[in-house]
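In case you want the letters, here they are:
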Amino acid sequence: MTIRRRNLLSGGLALAGIASTPAWARTGEVRSLSLLNLHTGERLAAAYWEAGGYIPDAMQALARVLRDHRTGDVHPMEPGLFDLVATLRTRLQTDATVHVISGYRSPRTNEALRQSSSGVAKRSLHMDGMALDLRLPGVDLARVRDAAWDLQRGGVGYYPGSDFVHVDVGRVRRWSG
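Residues numbered from 1 in each chain as written. Predicted model: local features only at pLDDT ≥ 70, side-chain atom pairs only at ≥ 80, totals over all residues. Heavy atoms only, no water.

1. Describing the overall build of the protein chain
How we decide: Going along the chain from the N terminus, every DSSP run of H or I of four or more residues is numbered as a helix, and every run of E of two or more is numbered as a strand. Classification of residues uses two cut-offs on accessible area relative to the type maximum, computed with a 1.4 Å probe and protein chains only: under 20% is buried, over 50% is exposed, and between them is partly exposed. Any two residues whose heavy atoms approach within 4.5 Å at even a single point are treated as in contact. Residue burial considers only the protein chains on display, and all accessible areas are found by Shrake-Rupley using a 1.4 Å probe.
Check the secondary structure of the protein chain and you find five helices and eight strands. In the protein chain, the succession of α and β elements from N to C terminus is α-β-β-β-α-α-β-α-β-α-β-β-β. Per-residue burial for the protein chain yields a buried fraction of 50% across its 177 residues. The long-range share in the protein chain, meaning contacts at least 24 apart out of those at least 6 apart in sequence, stands at 54%. Element-wise, carbon and sulfur atoms account for 49% of the exposed surface of the protein chain, whose accessible area totals about 8,700 Å².

Next up, the structure:
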């Protein structure tokens, strides 16, 4: 099976195929993440990339852990988001479990949050499986923000009052909340 076909079948990358795959991912390395969903208490440690492709079972398991905890809705997550978070952990030289505040949000949940908070976007990338709100235990929040911004792979929101950083794989931009 070609890399392009495997990526498309696994809910993967843009039609451009390998061109949208980070260089480290093309080397055949194994990439993994360890997540803790702070709302459900679920933990998952999973290798999501191996032998030149995303692992469908791992991608589904990650999506399940990152589901909308209010509705139970599961949505495929953008593989590049996992690559971003894995690279962020490497950049910060930590193997800490990623504490997830928010992964996927259903449109219904997003609208309810918008009604109660001014900091929730109407077209949030959380609804497309392209964003995570996270913290890395033992790593200063400002360092997480700065490292994410240095990567220039998408949006970075800094929420020190709520103790999390938002990262997404949308257009490059930054803000504080």
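On we go.
2. Looking at the sheet that holds strand β6 (residues 155–159)
So the rule is basically this: Strand pairing is assigned whenever DSSP identifies at least 2 bridges connecting the two strands.
Ordered by their spatial adjacency, eight strands build an open sheet running β3-β2-β1-β4-β5-β7-β6-β8, and the pairing between neighbours is mixed. In the strand order of this sheet, the two ends are held by β3 (53–54) and β8 (173–176), each with one partner. The pairing of strand β5 (residues 131–135) with strand β7 (residues 164–168) spans four bridges and is classified as antiparallel. Residue D133 lies in a different strand from β7, and its bridge partner there is H166.

3. Brief notes about helix α2 (residues 56–65)
Rules: Directions are taken from the helix axis to each C-beta atom, and the arc is the one they span.
Among the residues of α2, A58, M59, L62, A63 and V65 are the ones counted as buried. Projected onto a plane normal to the axis of α2, the buried residues spread over an arc of 160° and lie on a single side. Projecting away from the buried face of α2 at angles above 90 degrees are the exposed residues D57 and Q60. Turning to α2, the residues buried within the fold contact β1 (31–37), β2 (43–50), β3 and α3 (79–91).

4. A closer look at the environment of R31
Rule in force here: Whenever two N or O atoms come within 3.5 Å, that pair is a polar contact, provided that in protein one can donate a hydrogen and the other can accept it, and provided that, for residues adjacent in sequence, both atoms are side-chain atoms.
Take R31: it is sitting in strand β1. The spacing of R31 and Y54 is 23 residues in sequence and 9.3 Å in space, taken between C-alpha atoms. Within the structure, the side chain of R31 is placed 2.8 Å from the side chain of E29, a separation counted as a polar contact.

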